[in-house]
Amino acid sequence: MTVFTSENRYRVTFEAVPRPRWWRPLFVVYLAAAVLFVVWRCQVVNWHTWLGPIAVVFDIFGALIFGMLLWHVRYPSVPRHHAVDVSDYVVDCLIPTHTESADLVEPTVLGALRIRGVRRVLVLGNRYREDMRDMAVRLGAEYHARDDMAFGKAGNLNAGLAHTDADYVITLDADHIAVPELLERMIGYFDDPDVALVQSPQAYYNTDTLTFRRTRNGVWAEAQMFYRCVQPSKNHWNAAFYVGTSAVLRRQALDSTGGFATGTVTEDIHTAMRLHAAGWRSVFLPEPLAFGLEAANLREFFAQRRRWAVGSLQLLLRHRDSPLRRKGLSVAQRVHYLHATAIHLGGPQRLFHLVLPTVTLLTMTSPVNIPFGLYSSAFLGYLVLSWTMMKVYFGRAYHPVHSEAYSLVAAVSQTAALLGLFRRERRYKAADKQGNFRERTWVRGLLWTMTLICGSTLAYGGWLIAHGRLTGLIISATIWAGLHAFWIGSLLAYLVRYERRPAPQYAALTGPARYEWVMDRSAALIADERAAVPPATPEPRLEARSADPAPTVRPAMRA
């Protein structure tokens, strides 16, 4: 094993993703416009109605959160590949399970066993399950159940650490099937002794589900903005997040920070923040190396986003590790964690702007003390600039219809998540990854209600305009209601068609058959992501298939 001294110590290097020269300075233009808008907005508040103060607070919050987002996505970069011999490293794989079926977990275990360089695969359980143990042992993996529910997934992973002395651990969610070259693409970065985490995108093989949409430019996915734009930019600031799966972590770093973080339901971002606060480095490799199942229906989509929001808000507002006060973070890292957690406070803001046109038309009350037409012109100009910045900075990952529509669903989940701050969360529940396309949920009814409200406001505003009420207040409110009706209506129209689809081909596949099905598509899925975030000097991809499916077994050793 190579010994690194002060003279030859390896350091991870990053290469900037090519962008036009004007790309970064454009942020200064936006920042100046946003500051002018906020200052002016504070001067035109209508203090004689409750709409005025609420509207200005939400406008300022929105400008601040969006400005923070643009600030830290200006420098997307990718790590320069560092090729190594994986046999020099001792790596075990941890697969936490809860209520998932053994059939669902089996292809994940198969994939983990076939990762070149993995020593042992440990299937972990909160409760002992005979079917899960039998499946793991039959395939050649280990099964460890802790007979405890404390701290959910984080507690399960921490219990698993007691059964391994490996220098590095891979974490895979129960449904994430890894490709054989995962370690060959990721482990070399740990030759930098300060690196604690190497993260790849949380990618999915069921690209026919709710969060994927076909467009003229290919497939759009709701998560693309984060994995194609936000995470690569975090490399520049040493702030790339751990997302709970498809990652490799240094055991020494985990031990030095108390293991996987507990106390919130989002152990991933919490763990990453502790590592960064302790001085460790992280690397995001924009190359999917494991593929799982995205939420298959609206109910699970909402539950998943609500869970993320609850955990982020717990971390921000209730935990001693809050980025507002956690020591050890750099200024840039603190901004990244503040944005990632505070953005989940934005649900009420988005829903307020949805109902504002309705309240405005019903009361004929303006939130500003100037002609509403003048305010609308300024607000529209700022809004167009913001949308332009989104399109420039996020490219195809931002869709002017789909992104806005799904953000409204996220706003509902974020608003519901605020309840998590005032009541104890229900016991830990694993995500349902085998649900039907259609599941009963109150969220669907709420979306139809929101569409009805916006559509009725549009109709009422149109009726007023047709009868000569051509005021700036009425015209602006009618247009804004129409936009929201269009966004939500487009999502509901797709949802109706989506829920009538027949079961996909992979739904009937289990065990080796599903593993093979995913591997047959992995090369194309990886190529799509590489094309979206191209490295400055691309490395040739290793073969996705391993001729020998047996895992490499070697005795434990320390670096």
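Residues numbered from 1 in each chain as written. Predicted model: local features only at pLDDT ≥ 70, side-chain atom pairs only at ≥ 80, totals over all residues. Heavy atoms only, no water.

Before we move on, can you summarise the overall build of the protein with the specific residues and values?
Counting its secondary structure elements, the protein contains 17 helices and 14 strands. Relative to the globule expectation of 24 Å for 559 residues, the C-alpha radius of gyration of the protein, 25 Å, shows essentially globular dimensions. Its C-alpha atoms give the protein principal-axis dimensions of roughly 80 × 55 × 45 Å. Residue burial in the protein is summarised as follows: out of 559 residues, 58% are buried. Accessible area for the protein stands at about 23200 Å²; split by element, carbon and sulfur atoms hold 60% of it. (Helix = DSSP H or I, 4+ residues; strand = E, 2+ residues; numbered from the N terminus. Rg over C-alpha atoms; globule rule 2.2 N^0.38 Å. Buried < 20%, exposed > 50% of the residue type's maximum accessible area, 1.4 Å probe, protein only. Areas by Shrake-Rupley, 256 points an atom, 1.4 Å probe, with all protein chains shown as cover.)

An account of the sheet that holds strand β9 (residues 203–204) is requested, with residue identities and associated values reported.
Backbone hydrogen bonds hold the strands of a sheet together, and the pairing may be parallel or antiparallel. The strand order across the open sheet built from three strands is β7-β14-β9, with neighbouring strands paired in mixed fashion. Taken across any chain shown, the strands that pair with only one partner, and hence form the sheet edges, are β7 (177–178) and β9. Bridge count between β9 and strand β14 (residues 290–292): two bridges; the pairing is parallel. What sits directly across from Ala-203, in β14, is Phe-291. (Pairing = 2+ DSSP bridges.)

Please give an account of the pattern of salt bridges that cites residues and values.
Following the criterion strictly, the structure yields 27 salt bridges and no others. A salt bridge links Arg-350 to Glu-404; the shortest N-O distance between them is 2.9 Å. Here Glu-404 lies in helix α14 (residues 402–417) and Arg-350 lies in helix α12 (residues 347–363), a separation of 54 residues in the sequence. On the accessibility criterion, Glu-404 (11% relative accessible area) is buried. Several salt bridges converge on common partners, so that one network encompasses Arg-9, Arg-11, Asp-192, Asp-194 and Arg-281. (Salt bridge = Lys/Arg side-chain N within 4 Å of Asp/Glu carboxyl O.)

Go over the sheet that holds strand β4 (residues 118–125) with me, naming the residues and quoting the values.
Here we have seven strands laid out as an open sheet, ordered β5-β4-β3-β6-β12-β8-β13, and mixed in their pairing. Pairing within the sheet leaves two strands with one partner each, and these edge strands are β5 (142–145) and β13 (281–284). Across the sheet, the mean angle separating the axes of adjacent strands is 25 degrees when strand polarity is ignored. Across the sheet, helix α3 (residues 102–113) touches β3 (91–97) and β4, and the angle it forms with β3 is around 175 degrees. (Axes fitted to C-alpha atoms, helices over the stretch in contact; angles between N-to-C directions. Contact = heavy atoms within 4.5 Å.)

Read these as layout, nothing more, since geometry by itself doesn't imply function.
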